[in-house]
Amino acid sequence: MLVIVLELRRPSSSRSGRAILQAKQMQLAVLNGKKSKDTEEGSAGDVLDDNPVGKLKVYVYELPSKYNKKILQKDPRCLTHMFAAEIFMHQFLLTSAVRTLNPNEADWFYTPVYSTCDLAPNGLPLPFKSPRMMRSAIQLISARWPYWNRTEGADHFFLVPHDFGACFHYQEEKAIKRGILPLLQRSTLVQTFGQQNHVCLNDGSITIPPYAPPEKIMSHLIPPDTPRSIFVYFRGLFYDLNNDPEGGYYARGARASMWENFKNNPLFDISTDHPTTYYEDMQRAVFCLCPLGWAPWSPRLVEAVIFGCIPVIIADDIVLPFADAIPWEEIGVFVAEKDVPYLDTILTSIPADVILRKQRLLANPSMKQAMLFPQPAQPGDAFHQILNGLARKLPHDKKIYLKPGEKVLNWTAGPVGDRKPW
Amino acid sequence: MKQLAALQQQGRRSNSFRSNSSPLDATVDGAIKSPATIFWLFLHGLCCLISLVLGFRFSRLVFFLLFSASPSPSTTTIYSALRTTLPAISSPQERNVSADGAGSRVVVGRHGILIRPWPHPDPAEVMKAHRIIERVQAEQRSQYGVKNPRTVVAITPTYVRTFQTLHLTGVMHSLMNVRYDLVWIVVEAGGTTNETASLIAKSGLKTIHIGVEGKMPLLWEDRHKFESRMRLHALRIVRDKKLDGIVMFADDSNMHSLELFDEIQNVKWIGTVSVGILAHSGGSEEGDLLMRETHADEKDEKKSQIPVQGPACNASGNLAGWHTFDTQPFVERSAIYIGDRAVVLPRKLEWAGFVLNSRLVWEDVEGNPVWVKDLVEIGKDGEDIESPLSLLTDTSVVEPLGSCGRKVLLWWLRVEARADSKFPARLLELLSFSTTISETSLLLYIWIIDPPLDITVPAKRTPWPDAPPELPAYVEKVTTIPENTEKRPAKSGSKRKRSSRSKRKHNVKVLDIRASTKQAGDN
């Protein structure tokens, strides 16, 4: 797809991630011999459009249906909530071209466990049984196939889209105390949670966007010439009255601060409403606030990118999805939590041509495609970005292969309750 | 799932309170009431009462005061004691977890809610934001809007009269906000005058000011015909000068929406838009009657309150005919002469509802379609051209615009003062007090009552004090309310109460500008 070239090449920023990206772009351009498309420098047009087919092979373990299908049958709400990526990834891999039926030639092994599908009556997932479920699944695959023991899971990947990933708790303090499930320490975790220097994010994890239903989003598109007249837009809670009535815990006080400082500001269209025109309103806004909640990630980021609204990310040390493929600091605005009271000064002092450039980058269709999980899968979508991420980690380091009989993982670590069979 | 967290927090809070009151747990032993125990009892009771009133906030505050090791951080940006940032190490509540020891700034636990001392918008920033929004919208337009915008040629017939400035300024401001290139042809009855010329010179638009011989007639019927002649004259100018673009007819008393100018860019040869007809009368009772009748009499499909003249489409979206204004109910009550206080009726199809490609009126252009007549053949015998449809041999080629006439993009209105009403040479210019003195080199045109009246009685209902106010130094002459109130047409007169009319004739107030506008608003 052609993107209009509107600017000359700009010098790259100094972050090491960007440097790697540029190196990869050069590499790809040279190796594949293809001309780089008419995208702006640093717009990651090349890397996002990579085709993972041929670069890796994934073997999907056949687990008994109590780990996946039966859970889904018990509660079909799992298909529409924001953690649905684990289910759709499984379905995608089953029919994908990267799937191999011969495990001996596989680079990566996938275990389909729907750990976020045990829902409370109000629809929120209960993570209390997830560690036991995971442990039971790993015991199964290590007993039935030799590939787990070969590397103790270093060439396996799991999807853990819950609030704090593989820490399997919704409360941050408890999640930190638990840490990542010990059995998953060597595996690659594909999760939505990402925060730097956090216990629940391993080096080498792949951060993905939360699931947003693509058909629903596409059905709410409005004509692109509708003028953007809202300056800043946000809909959501500022105080979680059920769990943190006076504020200070929820969102580390950032959302409450947003409300107290800007509730009287006409430029800020923020409220706790649930309008039916939520998606349409985002398409009429210049900036969309994406503050942290109980966890730093939220589907607002996905919605903002798709609707062309510049995301204003208020979450200290957050790791954003596909950070090595998408140039987030060029698309969005990052505001430290302590700077929230000065948000209006920050946003109005951004020069207009910087804003226009961000909007042009956001308009790049491959960026929008990379945030979605469409059914059926399309080239460049989030499924392919996950596979690209996995492909970039290949080839595996020889050190991960253990000598026979060598054990690294501690199968008895963790709380006693985790060892109960599931 | 969050309810569980809530329960745990509740437990934590009550713990803190209990620990707070633990020094008070020196329980009363038996009947011995030493002063110490009484004192503690009293303190306990006091704390209970305060907690009842303030709730957990009190416990948190006491906790903070008792246990905080370091003073709270700089309070320049922090709002109040109850919402200060508790230092992370101060209370055991927060001491428990940090996400990771090494290098992480992010701490789990309670954080303060930062509120800056003046949480209100700064006007300079608001202006910056609006400029950003304008840039964004301009960029959107250039990317998704009309690709090759054509020049708009607006034709306005006018003549010097009381309300000319009012109407012409309205049209002028609408045209000044049009985002495309514009040529404004102002045709004036009775020849060009300096008044009109000076008015339209302020627009900064490209104007062509031409005059047509002959005074504007007094009767509405004749006026409509005369205006058609004026418009034809303007079309001849378009033809002679070979102006390229889209011709639209902006009558000076009509109101145009800016979407109209975006929509007419879509016209190929000749198009038509829906015009809302604001036919009304003077006098409030007649107005109500009229509104009720027009509601019953509307002819178009949508349930609008005002009658609409415009294209009617069939199911496939092609032009099937026109909606016109039904003049039946108003036949007896219609206005005859200008300034009459009855309903002013539009003609069957107003010129304002049509837009033309200017090439249609050029001479000898090859690409012109066959159904257009040559301009010179029309109207040369002085016949009445009712609408641009007379330019066509085949009226079915007209393109309906504005989603097939469903969108009303302009409103037709005719409001005039009596033809013999007096009005000053140019309208009063209210000085804006923020401009510098040097800009007041404009001459002040004022309405003045000469000779001054002998009796001035203060109005009873004004909130201003009775003492005559000080006139500001830079107002040279006083401004007074004009005398000819009864001659004004009732559109603005309907705002005044009738009972005050007779009083007003003799009451002229010596006011400064502020008070005068307030008075106008009062009545």
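Note that the structure is a prediction, hence the values are computed from the model and not measured.

## Here we look at the overall build of chain B
1) Next: Along chain B, the regular secondary structure elements total 14 helices and 12 strands.
2) Next: A buried classification covers 42% of the 523 residues belonging to chain B.
3) Next: A fraction of 71% describes how many contacts in chain B between residues 6 or more apart in sequence connect residues 24 or more apart.

## Quick look at the confidence of the model for chain B
1) Next: Taken as a whole, chain B shows an average pLDDT of 70; of its residues, 61% reach a score of 70 or greater.
2) Next: Predicted confidence for residues 281–304 of chain B stays below pLDDT 50, and this span has 39 contacts to residues more than four positions away or in other chains.

## Regarding the pattern of salt bridges
1) Next: Counting across every chain of the model gives 27 salt bridges over all chains.
2) Next: Between Lys-263 of chain A and Glu-260 of chain A there is a salt bridge, with its nearest N and O atoms 3.2 Å apart.
3) Next: Classification of Glu-260 of chain A as buried rests on a relative accessible area of 14%.
4) Next: Linking Asp-251 of chain B and Arg-231 of chain B is a salt bridge whose minimum nitrogen-to-oxygen distance equals 2.8 Å. One end of the pair, Asp-251 of chain B, is in the loop between strand E4 (246–249) and strand E5 (255–256); the other, Arg-231 of chain B, is in helix H8 (residues 220–241), with 20 residues separating them in the sequence. Arg-231 of chain B carries the same exposure label as Asp-251 of chain B, and that label is buried.
5) Next: Salt bridges sharing partners connect three or more residues here, namely Arg-161, Arg-223, Glu-227, Arg-231, Asp-251, Asp-252, Arg-414 and Glu-416 of chain B.

## Here's the deal with a nonpolar patch on the surface
1) Next: A contiguous nonpolar patch, built from Leu-49, Leu-52, Val-53 and Leu-54 of chain B and spanning about 460 Å² of accessible area, is present on the exposed surface.
2) Next: Position of Val-53 of chain B relative to the elements: it lies in helix H2 (residues 35–54).

## Points about unusual backbone geometry
Residue and element names in this part refer to chain A.
1) Next: In the segment running from Gln-375 into Pro-376, the intervening peptide bond is cis, with an omega of -5°.
2) Next: Inspection of the secondary structure puts Pro-376 in the loop between helix H15 (365–370) and helix H16 (382–392).
3) Next: The linkage connecting Leu-394 with the following residue, Pro-395, adopts the cis geometry, with an omega of -5°.
4) Next: In this fold, Pro-395 is placed in the segment after H16.
5) Next: Of note, Ala-251 is a non-glycine position whose phi angle comes to about 55°, a positive value.

## Quick notes on the pairing of strand E8 (residues 285–291) of chain A
Residues and elements named next belong to chain A.
1) Next: Where burial is concerned, most of E8 is hidden: seven out of the seven residues are buried.
2) Next: By the bridge criterion, three bridges tie strand E6 (residues 230–235) to E8 in an arrangement that is parallel. When the sheet's bridge partners are listed, Val-232 is paired in E8 with Phe-287.
3) Next: Here E8 pairs with strand E9 (residues 310–314) via five bridges, running parallel.

## Notes on the side chain of Glu-303 of chain A
Residue and element names in this part refer to chain A.
1) Next: Take Glu-303: it is sitting in helix H11 (residues 299–306).
2) Next: Although Glu-303 lies buried, it forms no salt bridge, and the closest oppositely charged side chain, Arg-300, sits 5.7 Å away as judged by the N-O distance.
3) Next: In this structure, Glu-303 is in contact with Tyr-278, Tyr-279 and Met-282, ignoring residues within four places of it in sequence.

## A look at the state of the cysteines
1) Next: Taken as a whole, this structure holds four disulfides over all chains when the rule is applied.
2) Next: Paired by a disulfide, Cys-78 of chain A and Cys-117 of chain A hold their sulfur atoms 1.8 Å apart. Taking the torsion about the sulfur-sulfur bond, which here is approximately 120°, the covalent link between Cys-78 of chain A and Cys-117 of chain A counts as right-handed. Here Cys-78 of chain A is found in the loop between helix H3 (69–74) and helix H4 (85–94), whereas its partner Cys-117 of chain A is found in the loop between strand E2 (108–110) and helix H5 (130–144), with 39 residues between them in sequence. Note on accessibility: Cys-78 of chain A and Cys-117 of chain A belong to one class, buried.
3) Next: Covalently, Cys-313 of chain B is tied to Cys-404 of chain B through a disulfide, its sulfur atoms 1.5 Å apart. Since a negative S-S torsion denotes a left-handed disulfide, the Cys-313 of chain B-Cys-404 of chain B link at about -90° is left-handed. Separated by 91 residues along the polypeptide, Cys-313 of chain B in strand E8 (residues 308–313) and Cys-404 of chain B in helix H11 (residues 402–405) bring together distant segments of the chain.
4) Next: Numbered in order of appearance, the disulfide-bonded cysteines of chain A are paired 1-2, 3-4, 5-6.
5) Next: Counting only cysteine sulfurs, Cys-288 of chain A is the nearest neighbor of Cys-290 of chain A, a cysteine outside any disulfide, at a range of 6.6 Å.

## Re the UniProt feature "transmembrane region" (unreviewed entry) in chain B
1) Next: On the UniProt side, "transmembrane region" (unreviewed entry) is annotated at positions that read residues 37–54 of chain B here.
2) Next: Split by type, residues 37–54 of chain B is 100% helix and 0% strand. Its first and last C-alpha atoms lie 25 Å apart.

## Quick look at H2 of chain B
Residues and elements named next belong to chain B.
1) Next: Across its 20 residues, H2 extends 28 Å between first and last C-alpha, which sits within 8% of the 28 Å expected from 1.5 Å per residue.
2) Next: Of the residues making up H2, those classed as buried are Thr-37, Cys-47 and Ser-51. Viewed end-on, H2 has its buried residues packed into an arc of 85°, placing them on one side of the element. Residues Pro-35, Phe-42, Leu-49, Leu-52 and Val-53 are exposed on H2 and point more than 90 degrees away from its buried face.

Conventions and cut-offs
Residues numbered from 1 in each chain as written. Chains lettered and ligands numbered in written order. Predicted model: local features only at pLDDT ≥ 70, side-chain atom pairs only at ≥ 80, totals over all residues. Heavy atoms only, no water. Helix = DSSP H or I, 4+ residues; strand = E, 2+ residues; numbered from the N terminus. Buried < 20%, exposed > 50% of the residue type's maximum accessible area, 1.4 Å probe, protein only. Contact = heavy atoms within 4.5 Å. pLDDT = per-residue confidence, 0-100. Salt bridge = Lys/Arg side-chain N within 4 Å of Asp/Glu carboxyl O. Patch = residues over 30% accessible without salt bridge, like charges linked within 9 Å, V, L, I, M, F, W, Y side chains within 5 Å. Areas by Shrake-Rupley, 256 points an atom, 1.4 Å probe, with all protein chains shown as cover. Pairing = 2+ DSSP bridges. Lys, Arg positive; Asp, Glu negative; His and termini not counted. Disulfide = S-S within 2.5 Å. UniProt positions renumbered as here; feature names shortened; annotations may be inferred. Expected span 1.5 Å × (residues − 1). Arc of directions from axis to C-beta.

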